[in-house]
Amino acid sequence: MRLPRAGFDWYSAAMTDCIARVAVAAPLHSLFDYSIPAGMRLGVGVRVRVSFGRTRVIGLVVAVADGSDCAASRIKPVEAVLDDEPLLGQSDLDFLTWAAGYYHHPVGEVVMAALPLRLRKAESAALPGEAGWMLSSAGALQAAAPPIRAPRQAEVLRWLESRPGGAASQVHLRSALPESAATLRTLHKRGWVMQTLLDARPDPLLLDSPGLVLNEEQSAVLTALRDAVGGFSVALIDGVTGSGKTEVYLQLAAEVLRQGRSVLVLVPEISLTPQLFERFQQRLGETVRMMHSGLSEAEREHTWHRLHRGLSRVLLGTRSSIFTPVADLGLVLVDEEHDPSFKQTDGFRYSARDLAIVRGQRAGCPVVLGSATPSLESLRNAATGRYRHLRLDSRAGGALSPHVDLLDIRDQPLQCGMSQPLLDRVAAVLAAGEQVMLFLNRRGFAPVLSCFSCGWLSDCPRCDARQTVHRGHGLLWCHHCGAQRRVPKACPACGAHDLHPLGQGTEQLEEFLAERFAGYPLIRLDRDAVARKGALQAQLERLHAAEAAILVGTQMLAKGHHFPRVTLVGVLDADGGLYSADFRATERMAQLLVQVAGRAGRGDRPGRVLIQTRYPGHPLLQTLVRRGYRAFADAALDERRSARLPPFSHQALLRADATRLEAAQVFVERLAGAVREVGGSGVELWGPVPAPMTRRAGRHRVHLLFQSTQRDALHGLLRRLPGLAGELPESKRVRWSLDVDPVDLF
Ligand code: ADP
Ligand code: ZN
Ligand code: ZN
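Residues numbered from 1 in each chain as written. Chains lettered and ligands numbered in written order. Predicted model: local features only at pLDDT ≥ 70, side-chain atom pairs only at ≥ 80, totals over all residues. Heavy atoms only, no water.

A short note on the environment of Pro461
Alright, step 1. In this fold, Pro461 is placed in the loop between β20 (448-451) and β21 (468-470).
Alright, step 2. Note on Pro461: relative accessible area 54%, which makes it exposed.
Alright, step 3. Along the backbone, Pro461 and Arg695 are 234 residues apart, and their C-alpha atoms lie at a distance of 9.8 Å. (Helix = DSSP H or I, 4+ residues; strand = E, 2+ residues; numbered from the N terminus. Buried < 20%, exposed > 50% of the residue type's maximum accessible area, 1.4 Å probe, protein only.)

Considering the coordination of the zinc ion (ligand 3)
Alright, step 1. Ligation of the zinc ion (ligand 3) by protein atoms is provided by Cys460 (SG), Cys463 (SG), Cys478 (SG) and Cys481 (SG), these donors lying 2.3 Å from the ion.
Alright, step 2. Each donor residue of the zinc ion (ligand 3) belongs to the same chain, and together they define the spacing C-x2-C-x14-C-x2-C. Separated by 18 residues along the polypeptide, Cys460 in the loop between β20 and β21 and Cys478 in the loop between β22 (475-477) and β23 (484-486) bring together distant segments of the chain.
Alright, step 3. Look at Cys478 and you get buried, because its relative accessible area is 1%. (Donors = N, O, S within 2.8 Å, 3.2 Å for Na, K, Ca; no water.)

Things to note about the coordination of the zinc ion (ligand 2)
Alright, step 1. Looking at the zinc ion (ligand 2), one finds its protein donor set to be Cys451 (SG), Cys454 (SG), Cys491 (SG) and Cys494 (SG), positioned 2.3 to 2.4 Å from the metal centre.
Alright, step 2. Every donor counted, the 4 donor atoms about the zinc ion (ligand 2) form angles of 107 to 113° at the centre, which fits tetrahedral coordination.
Alright, step 3. Of note, the donors binding the zinc ion (ligand 2) are all from one chain and are spaced C-x2-C-x36-C-x2-C. Highlighted residues: Cys451 in strand β20 and Cys494 in the loop between β23 and β24 (499-502), separated in sequence by 43 residues.
Alright, step 4. A relative accessible area of 40% means that Cys494 is categorised as partly exposed. (Tetrahedral: all angles 85-135°; square planar, octahedral: opposite > 155°, others 65-115°.)

A few points about empty space enclosed by the protein
Alright, step 1. Summed over all chains, the structure comprises 1 cavity of 30 Å³ or more.
Alright, step 2. Of the pockets and cavities examined, the largest cavity occupies roughly 40 Å³.
Alright, step 3. Forming the boundary of the largest cavity are Leu88, Asp92, Phe95, Leu96, Ala114, Ile322, Phe323, Pro325 and Arg359.
Alright, step 4. Considering only residue class, the lining of the largest cavity consists of 7 nonpolar, no polar and 2 charged.
Alright, step 5. Two domains each provide a minimum of three residues to the lining of the largest cavity, namely domain 1 (10-120) and domain 3 (216-396). (1 Å grid on protein atoms, 1.4 Å probe; cavity = no way out; pocket = protein on both sides within 12 Å on 5 of 7 lines; lining within 4 Å. Points joined across faces, edges and corners; volume = space filled by probe spheres on them. Nonpolar A, V, L, I, M, F, W, Y, C, P; charged D, E, K, R; others polar. Domains from an automatic or database assignment.)

Notes on the layout of surface pockets
Alright, step 1. Within this model, the second largest pocket holds a volume of roughly 970 Å³.
Alright, step 2. Surrounding the second largest pocket, 43 residues form its lining, Tyr102, Asp354, Asn381, Arg711 and Asp741 being those nearest its centre.
Alright, step 3. The set of elements that each furnish at least two residues to the lining of the second largest pocket consists of α1 (90-102), α11 (352-363), α12 (376-383), α16 (585-597), β29 (650-658) and α20 (711-726).
Alright, step 4. Residue contributions to the lining of the second largest pocket peak at 7 residues, all from α11.

Some thoughts on the packing of aromatic side chains
Alright, step 1. Scanning all chains against the criterion turns up 11 aromatic pairs.
Alright, step 2. Their ring planes at 35° and their centres at 6.5 Å tell us that Phe667 and Trp736 sit as a pair that is tilted. Taken together, the positions of Phe667 in helix α19 (residues 661-678) and Trp736 in strand β32 (residues 735-740) put the pair 69 residues apart, joining distant regions of the chain.
Alright, step 3. For Phe667, a relative accessible area of 0% corresponds to the buried category.
Alright, step 4. Of the residues examined, Trp736 reaches a relative accessible area of 28% and is grouped as partly exposed.
Alright, step 5. These aromatic residues form a ring-pair network of at least three members: Phe95, Trp98, Tyr102, Tyr103, Phe323, Phe348 and Tyr350.
Alright, step 6. Above the plane of the ring of Trp159 lies Arg163, whose end atom (NZ or CZ) is 4.9 Å from the centre. (Phe/Tyr/Trp six-rings, centres within 6.5 Å; stacked < 30°, edge-to-face > 60°. Lys NZ or Arg CZ within 6 Å of the ring centre and 35° of its normal.)

Some points on the site of ligand 1
Alright, step 1. The environment of ligand 1 is made up of 17 residues, and the closest members are Val213, Gln218, Gly242, Thr246 and Arg279.
Alright, step 2. Here ligand 1 loses 75% of its free accessible area of 550 Å² to cover by the protein chains.
Alright, step 3. Ranked by residues supplied to the shell around ligand 1, first place goes to helix α8 (residues 245-258) with 3 residues.
Alright, step 4. The residue makeup of the shell around ligand 1, split by class, is 5 nonpolar, 8 polar and 4 charged. (Near = heavy atom within 4 Å. Areas by Shrake-Rupley, 256 points an atom, 1.4 Å probe, with all protein chains shown as cover.)

Section: the nonpolar core
Alright, step 1. Leu42, Ile322 and Phe706 are the most contacted members of the largest nonpolar core, which totals 136 residues.
Alright, step 2. Of all the elements, α19 adds the most residues to this core, at 8 residues.
Alright, step 3. Leaving out residues up to four positions away in the same chain, Ile322 has contacts with Phe95, Leu264, Leu266, Tyr350, Ala352, Leu355, Ala356 and Arg359.
Alright, step 4. Counting 32 residues, the second largest nonpolar core, distinct from the first, contains Ala235, Leu252, Met290 and Leu390. (Core = buried A, V, L, I, M, F, W, Y, C linked by side-chain atoms within 4.5 Å. Contact = heavy atoms within 4.5 Å.)

Structural notes on the sheet that holds strand β19 (residues 435-439)
Alright, step 1. Ordered by their spatial adjacency, 6 strands build an open sheet running β18-β28-β27-β19-β26-β25, and the pairing between neighbours is parallel. With partners counted over all chains shown, the strands left at the sheet margins are β18 (403-408) and β25 (522-525), one partner each. Taking each pair of neighbouring strands and ignoring which way they run, the sheet shows an average axis angle of 20°.
Alright, step 2. Where β25 meets strand β26 (residues 549-553), 4 bridges bridge the pair, whose relative direction is parallel. Residue pairing across strands places Leu525 opposite Gly553, the latter belonging to β26.
Alright, step 3. Across the face of the sheet, helix α13 (residues 420-431) comes into contact with β18, β19, β26, β27 (566-571) and β28 (608-613) while running at roughly 150° to β19.
Alright, step 4. Along the sheet, helix α14 (residues 506-516) contacts β19, β25 and β26; its crossing angle with β25, the most-contacted strand, is approximately 175°. (Pairing = 2+ DSSP bridges. Axes fitted to C-alpha atoms, helices over the stretch in contact; angles between N-to-C directions.)

Everything listed is a geometric property; what it means functionally is a separate question.
This is how it looks when you write it as structure tokens:
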């Protein structure tokens, strides 16, 4: 059991008439005051039991004050203190309350969400043992002379034997040997491995691993970052794919660990982090832990405890990891900082990338954002000097940059979305024993099913959208609300047997290519194809083992993986992002294209990228292809500046929905009226306007957009919204939410 941290103040009623300000998970925008009874010892960051309305709840003490604004008669006492050491430190609490204020989300919900589920209830905060596996003595014998006929069993036995004490945590085992679940069961039945609980020792740190010898550019970047360790600052590493950013992260992280502090690394999508995780663990040791939605609650809780207590020192995780109270935080890294998945788009709508900056500020440590295609926001912050701008312009391993061309398909007949020149290139590359990657950002078989007799379309019954044909599952499936039905045999409207899929998705492309290029290994990477656990790893292994092969996929191709043998990248359709209602669509498209292109030509052979388009003259597309991402970003920023769009202004989006369109419309109209009356000077109001997809999951949606060049003016107005909305009788018939710095306007 650890002693309370230095600097942790205990209060008791003997000192003064103390009031505990408590965060309670309730949809209310304030903390609640309770008196501290005589003799009770309690500090900031501990959980307490309090009465709340008619019930009793568990809350967390966020502050202790001398007095309260509430009438003394209304203040109830704290009933019990649950912890004898704080679960969240002062800087964690400052950070969480700031986040709640900035995103206008109930503070109690934000604070309580930073705890593992069990600790939001009255459960003990003692560190539970971690589930693991260990070799039995019979197993140890087997590991020395492994069963030759069962290579998988041998692999698990040998791996366990290589661990200290012949034991390893379940999480570690699963990340090292992702396909081992069935094998473990067999080994368990044979009595060769046992389940065990590992105790709470600090993970060993691996600090002497030298890493690669950095090239000049990398050294310069690392030196700049090293100088910043020990205080708050923000740096943007703007480095092309393969320029060695990750290597720089690793060496910087090692430096921070050597100083006895911890590292938080935020990454976009978990399905793709095993490779990165392995790389971190190999370099820094088992002190690297992972946090993502694929873990069980028990595993998450365990990881939380370990980081909170400083038993583990590196947390690699997806966006919600930003709330983990990592002890002695010394560095926050955000990899692929441009990725939209850092923004949570429902409930508490925060941006983990933006919060990383605040987290670093509160913890007094550097924040490093990295990307090959930085967001326009971050580039703007770098240009104004708020972030240090560090560049890596050449590929670290000496690989050549790909050559990019546009392929005008206006007058081209297409076969399954592919033009003849592209098909010819694919054939040539395969014949040369090399690999091809085809990017189509649409999963499923076809985006719509149509009846050629009567014109029926597979509309979603609950959304203003079409249901996608998923032939593998035999389903029509809405990607917006999840509504499904069997693919009908005959037209539901006229009964004709004349139904045809229109357009293509990856499933169809795979089928087409399998026939057209029979005999070559064909691998599909999209959410459906890798839904099964371990499927992604298996697909990647197949690809790495193959010579000539075809890889088909969605934006999943753009994330984290490197395909060294790919020498041709074909982009089937770049046009979706060019003329969209969403002003960020071109930025997204450019990032995707560059990220996908960057996966090729890793080895000694240069890659080639062919982008099919119907708008070869589009100025931003031209700039991107001819002059690269940075020139594109400059041009796109110019457009944003003249339109006064972010990052040259700040936005917040109010979304209201109701079962009837009229109800949402009237509510937003009245609210806009009330807002205009109280007059937020310097804040523009746009709306009410119907959402781009007005009906979604059976509800009608209406938007009100707030925009201002002054953040303070905007937030001053936003703070008044709950009050103004509450006064409107129409608010009872709608649901509404506020999205600060929205990343999409849907
Ligand atoms: P990024 O994160 O920018 O995509 P990585 O750090 O993954 O780049 O590096 C790309 C490849 O180059 C990796 O295979 C890595 O091992 C290699 N690499 C990185 N830095 C060096 C270096 N200094 N010397 C040799 N190879 C390097
Ligand atoms: Zn029909
Ligand atoms: Zn739907």
